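# Understanding the architecture of this molecule
Single-letter residue listing:
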Amino acid sequence: MKSVISLSFLCVFVLGLMGCDQPEPVAPAEVVPVVAAKAEIPKYSAQAFFETTSYGLPGAAGHAFSADGNAILMSSDASGVFNVYALPLDGGEPEQLTQSTDNAVFAVSWFPADNRVLYTYDGGGNELNHVFVREADGSTRDLTPGDALKAGFLAWAKDGQSFYLTSTERDQKSFDVYRYSVSDYSREMVFENDGFQISAISDDGRWIALDKPRTSADSDIFVVDLQSDNPEPMLITSHLGNISYGTFEFTRDNKSLVYATNEFGEFNQAWKYDLQSGESSVLVEAPWDVSYVTYSPSGRYRVTGVNADARTEVSLLDTGSGTAISLPELPPGDLRNVRFSADETQIALIVNADDSPSNIHVIDLAEGHTQQLTRALNPAIDQSHLVKSEVVRYKSFDGLEIPSILYRPHGASAENPVPALVLVHGGPGGQTRTGYRAMVQHLVNHGYAVLGANNRGSSGYGKTFFHLDDKRHGEEDLQDIVYGRAYLDSLDWVDGSRVGIIGGSYGGYMVAAALAFEPEAFDVGIDIFGVTNWERTLASIPPWWEAFKEALYDEMGDPATDAERHHRISPLFHAENIVKPLLVVQGANDPRVLQVESDELVAAVQANEVPVEYLVFPDEGHGFRKRDNRITASDAYVNFLDIYLKGAGQE
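Notes on the structure follow. Keep in mind it's a predicted model, so treat the numbers as computed, not measured.

## Some remarks on the nonpolar core
- With 95 residues, the main nonpolar core has Leu-443, Leu-488, Ile-502, Phe-522, Tyr-637 and Leu-641 as its most contacted residues.
- With nine residues, the top contributor of residues to this core is helix H6 (residues 506–517).

Right, dumping it as structure tokens:
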């Protein structure tokens with residue numbers, strides 16, 4: 001199932017930069033009066049937008065509420081770098097629990113019976129995460145020590161006496177599962193993995209679910225009974241043809257596995273597999289992809305998310321009565337990261353909208369009231385000055401409709417047309433969605449329309465649409481982006497003579513490809529850690545992607561057999577065609593798109609005597625987690641565009 005799997009592994013090149021809200025507090029926010037007489041909206045600096053604080057909750061398998069019920073565990077970049085905080089439910093100030101000034105640190109879970117905390121971070125963006133514990137006295141300990149390994153949190157045991165971590169310490173290509181004791185952190189390996197994706201473990205520790213992608217269109221689920229005499233993976237999704245399956249989670253009674261499949265139509269449905277009888281039955285179906293299904297601690301409540309036209313619709317069901325639970329009124333926006341307290345009387349969640357960054361809210365289910373615990377937007381910014389997006393569709397070269405997210409600057413009109421950008425998401429297989437993005441709001445605030453195009457191959461619009469770009473990257477999907485410019489040209493409030501292209505990761509590849517293969521289609525390009533040489537990129541994937549490699553090669557082509565096509569679609573080998581100004585931005589520690597990719601492209605474009613600017617962050621990887629760096633990058637985008645796009649039309 002490409003739409004489920006893509007977000008977990010086929011979307012291997014995409015990062016949060018193009019799709020998450022991020023900020024920092026440094027000097028006072030600078031507000032510069034707007035020059036244009038018609039627009040009364042001030043122009044805010046990048047610093048002002050990125051001083052909007054980012055908040056995140058632990059993953060669904062972790063405990064968001066403290067054992068005493070007085071605080072919520074969260075990640076925040078209030079210090080300028082992501083750290084872990086305890087957020088009091090009484091409205092008090094957050095307590096910073098980690099003190100990193102360098103690496104971004106993210107919350108994993110409270111311990112179920114005390115105030116110890118699990119958290120994770122990597123080495124400057126190299127994605128080699130370790131899992132740490134913060135003791136009650138504030139001391140810390142690496143639970144997964146070693147070099148060149150990648151570790152992660154899987155789940156807590158139901159009794160709270162142990163928890164499960166995954167690690168590649170035995171074999172960099174495979175994540176094994178270890179059970180750790182809560183009392184002394186002693187551990188034992190409970191499952192030695194051989195090429196599967198570890199997806200879930202049941203609350204009683206008996207069952208492990210494994211995903212096995214074969215191609216980008218075909219995958220399977222296996223389960224392992226760890227209590228059997230021969231705990232070998234057992235296939236539960238036997239099928240013919242291309243059908244995709246992906247694990248959601250085990251039910252709380254340990255009797256069933258909930259999974260996603262596109263077997264019965266264009267979109268993913270949620271099904272339930274009975275572990276004893278082997279029977280499967282439909283659980284949730286919708287006219288869009290079911291994105292996730294999760295349960296409250298006892299299983300009394302079921303939470304379902306549906307990806308409905310680039311925004312998430314969340315529903316809550318009482319599994320005992322089968323009745324839908326209506327949540328109290330919340331601010332407009334997407335509901336994300338729904339987390340229950342241990343006694344299921346409270347819910348913590350995030351509300352995010354185009355004009356409102358992610359804020360944490362708590363719902364008292366018994367009393368039916370809500371409390372907003374954070375105020376993410378920089379108070380120096382008037383929320384009414386931000387722009388809400390519009391979901392639009394335009395036709396590509398072959399009549400295919402391309403769903404997109406359009407941002408129109410305040411004051412843009414036929415009398416005052418504005419320059420514009422086509423924004424290309426990462427992937428392959430990502431999706432541009434509604435929601436707050438500081439980078440986009442900064443661009444729009446400075447007078448640039450933004451069209452977030454979901455070209456063919458994007459997830460969220462059915463399996464047929466998703467697979468239309470298989471082994472056709474840089475070809476039909478690129479034409480969808482070129483036709484995005486044609487769509488912008490058709491809008492009377494857009495200046496069709498000044499349209500650029502911007503994107504990160506696979507989107508960065510599309511930027512370079514557009515400038516190399518359609519050199520007159522766009523007036524400027526901003527390539528953010530984009531692939532330029534597919535031959536090198538596909539030959540240098542990190543070892544921990546081994547379980548996904550066959551599916552990745554099925555989508556992109558196997559280097560052993562598709563080298564000619566990879567050469568043909570790689571912008572680096574056609575850089576002599578690039579004649580429009582280019583900005584390239586790269587993280588030196590990027591393990592997915594190596595810095596040499598950007599180095600060589602910049603050198604090649606410089607040889608064309610074409611304006612090219614290059615920004616490298618020595619302390620970042622595939623995306624920028626430090627607020628100072630995000631500010632620097634966003635400033636670079638606007639400054640570059642003001643000179644080469646907006647300025648070019650005013651000479």
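## Considering empty space enclosed by the protein
- Summed over all chains, the structure comprises five cavities of 30 Å³ or more.
- Each pocket or cavity is described by its volume, and for the largest cavity that value is around 50 Å³.
- As for the largest cavity, its lining consists of Asp-102, Asn-103, Ala-104, Asp-122, Gly-124, Gly-125, Asp-619, Glu-620, Arg-625 and Lys-626.
- Looking at the lining of the largest cavity residue by residue, the classes come out as one nonpolar, three polar and six charged.

## What to know about the sheet that holds strand S7 (residues 105–110)
- Ordered in space as S7-S8-S9-S10, the four strands form an open sheet in which the pairing is antiparallel. Lying at the two open borders of the sheet, with one neighbouring strand each, are S7 and strand S10 (140–142). The mean angle between the axes of side-by-side strands here comes to 30°, regardless of whether they run parallel or antiparallel.
- Pairing analysis gives three bridges linking strand S9 (residues 130–134) to S10, with the strands arranged antiparallel. Opposite Val-133, over in S10, you have Arg-141 as the bridge partner.

## Comments concerning unusual backbone geometry
- Following Gly-427, the chain continues into Pro-428 via a peptide bond in cis, with omega recorded as 5°.
- Along the chain, Pro-428 falls in the loop between strand S33 (418–424) and helix H3 (438–445).
- Notably, Lys-471 is not glycine yet its phi reads approximately 55°, a positive angle.
- Position of Lys-471 among the secondary structure elements: in the loop between helix H4 (463–466) and helix H5 (476–489).
- Taking the relative accessible area as the measure of exposure, Lys-471 reaches 33% and is therefore partly exposed.

## Considering the pairing of strand S8 (residues 117–121)
- By the criterion of burial, S8 is predominantly enclosed, with four of the five residues buried.
- Judged from the five bridges that link them, S7 and S8 form a sheet pairing that is antiparallel. Across the sheet, residue Trp-110 finds its bridge partner in S8, namely Val-117.
- The loop that links S7 with its antiparallel partner S8 comprises six residues.

## A short note on the pattern of salt bridges
- Counted under the stated rule, the structure contains 30 salt bridges.
- Here Arg-536 ties to Glu-600 by a salt bridge, and the two come within 3.0 Å at their closest N and O atoms. Pair noted here: Arg-536 is in helix H7 (residues 534–539) and Glu-600 is in helix H10 (residues 595–607), with a separation of 64 residues, a long-range link.
- Relative accessible area serves as the criterion here: at 22%, Arg-536 is assigned to the partly exposed category.
- With its nearest N and O atoms 3.6 Å apart, the salt bridge here joins Arg-568 to Glu-564. Taken together, the residues span about one helical turn, with Arg-568 and Glu-564 both in helix H9 (residues 563–568) at a distance of four residues.

## A look at the side chain of Asn-103
- Among the secondary structure elements, Asn-103 is positioned in the loop between strand S6 (95–96) and S7.
- Looking at Asn-103, the relative accessible area reads 17%, which means it is buried.
- Among the polar contacts made by the side chain of Asn-103, one reaches the main-chain amide nitrogen of Gly-124 at a distance of 2.7 Å.
- Excluding its chain neighbours within four sequence positions, the residues that come into contact with Asn-103 are Val-81, Phe-82, Tyr-121, Asp-122, Gly-123 and Gly-124.

About the cut-offs
Residues numbered from 1 in each chain as written. Predicted model: local features only at pLDDT ≥ 70, side-chain atom pairs only at ≥ 80, totals over all residues. Heavy atoms only, no water. Core = buried A, V, L, I, M, F, W, Y, C linked by side-chain atoms within 4.5 Å. Buried < 20%, exposed > 50% of the residue type's maximum accessible area, 1.4 Å probe, protein only. Helix = DSSP H or I, 4+ residues; strand = E, 2+ residues; numbered from the N terminus. 1 Å grid on protein atoms, 1.4 Å probe; cavity = no way out; pocket = protein on both sides within 12 Å on 5 of 7 lines; lining within 4 Å. Points joined across faces, edges and corners; volume = space filled by probe spheres on them. Nonpolar A, V, L, I, M, F, W, Y, C, P; charged D, E, K, R; others polar. Pairing = 2+ DSSP bridges. Axes fitted to C-alpha atoms, helices over the stretch in contact; angles between N-to-C directions. Salt bridge = Lys/Arg side-chain N within 4 Å of Asp/Glu carboxyl O. Polar contact = N/O pair within 3.5 Å; in protein donor to acceptor, adjacent residues only side chain to side chain. Contact = heavy atoms within 4.5 Å.

Keep in mind these values describe shape, not function.
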